[in-house]
Amino acid sequence: MSKLEVAFAFEIDGKEVDPREVTDPEMKTKIEKIVESVSGKVGGLRCPHHDEAPRFVCYGPNFDDLSMEVHGCCDALVNIVKGGLSD
Ligand SMILES: [Zn+2]
């Protein structure tokens, strides 16, 4: 599974940032690390009820201080993904 198939959104300092449009190499590395770590853990997960993939929103004041939210079609998927992330 390619990491590009995992849906990520970044919101830095209240602004939406498209990871594909980030040109700063340091930021790019940070984004790639987050995406790789998350997709390595839960990238292949699908909802058992709806066969939907989760989406991830990373937000914070800057790339060094990010929190992540998991979005899914229903609580079942969100719980499965959160369980996978905490392993
Ligand atoms: Zn679902």
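Here, the structure is the one placed above.
Predicted model only: the values in this text are computed from it and were never measured. (Residues numbered from 1 in each chain as written. Predicted model: local features only at pLDDT ≥ 70, side-chain atom pairs only at ≥ 80, totals over all residues.)

A.B. asks: Account for the sheet that holds strand S4 (residues 67-71), with residues named and values stated.
C.D. replies: Pairing in this open sheet of 4 strands is mixed, and the strands run S2-S1-S3-S4 from one edge to the other. Every other strand in the sheet has two partners, leaving strand S2 (15-17) and S4 as the edge strands with one partner each. For this sheet, the mean angle separating the axes of adjacent strands, direction not counted, is 25°. Summarising the sheet, strand S1 (residues 7-12) and strand S3 (residues 55-60) pair through 6 bridges and their orientation is parallel. Residue Ile 12 lies in a different strand from S3, and its bridge partner there is Gly 60. (Pairing = 2+ DSSP bridges. Helix = DSSP H or I, 4+ residues; strand = E, 2+ residues; numbered from the N terminus. Axes fitted to C-alpha atoms, helices over the stretch in contact; angles between N-to-C directions.)

A.B. asks: Give me the lowdown on the pairing of S3, citing residues and values where you can.
C.D. replies: Direction of pairing for S3 relative to S4: antiparallel, over a ladder of 5 bridges. Of the residues in S4, the one forming a bridge with Phe 56 is Val 70. The hairpin formed by S3 and S4 contains 6 residues between the paired strands.

A.B. asks: I'd love a proper account of the pairing of S1, names of residues and values included.
C.D. replies: One ladder, built from 3 bridges, connects S1 with S2; its direction is antiparallel. Each residue of the ladder has a partner; that of Ile 12, found in S2, is Lys 15. Between S1 and S2, which pair antiparallel in sequence order, lie 2 residues; one of them, Asp 13, sits at a positive phi of approximately 55°.

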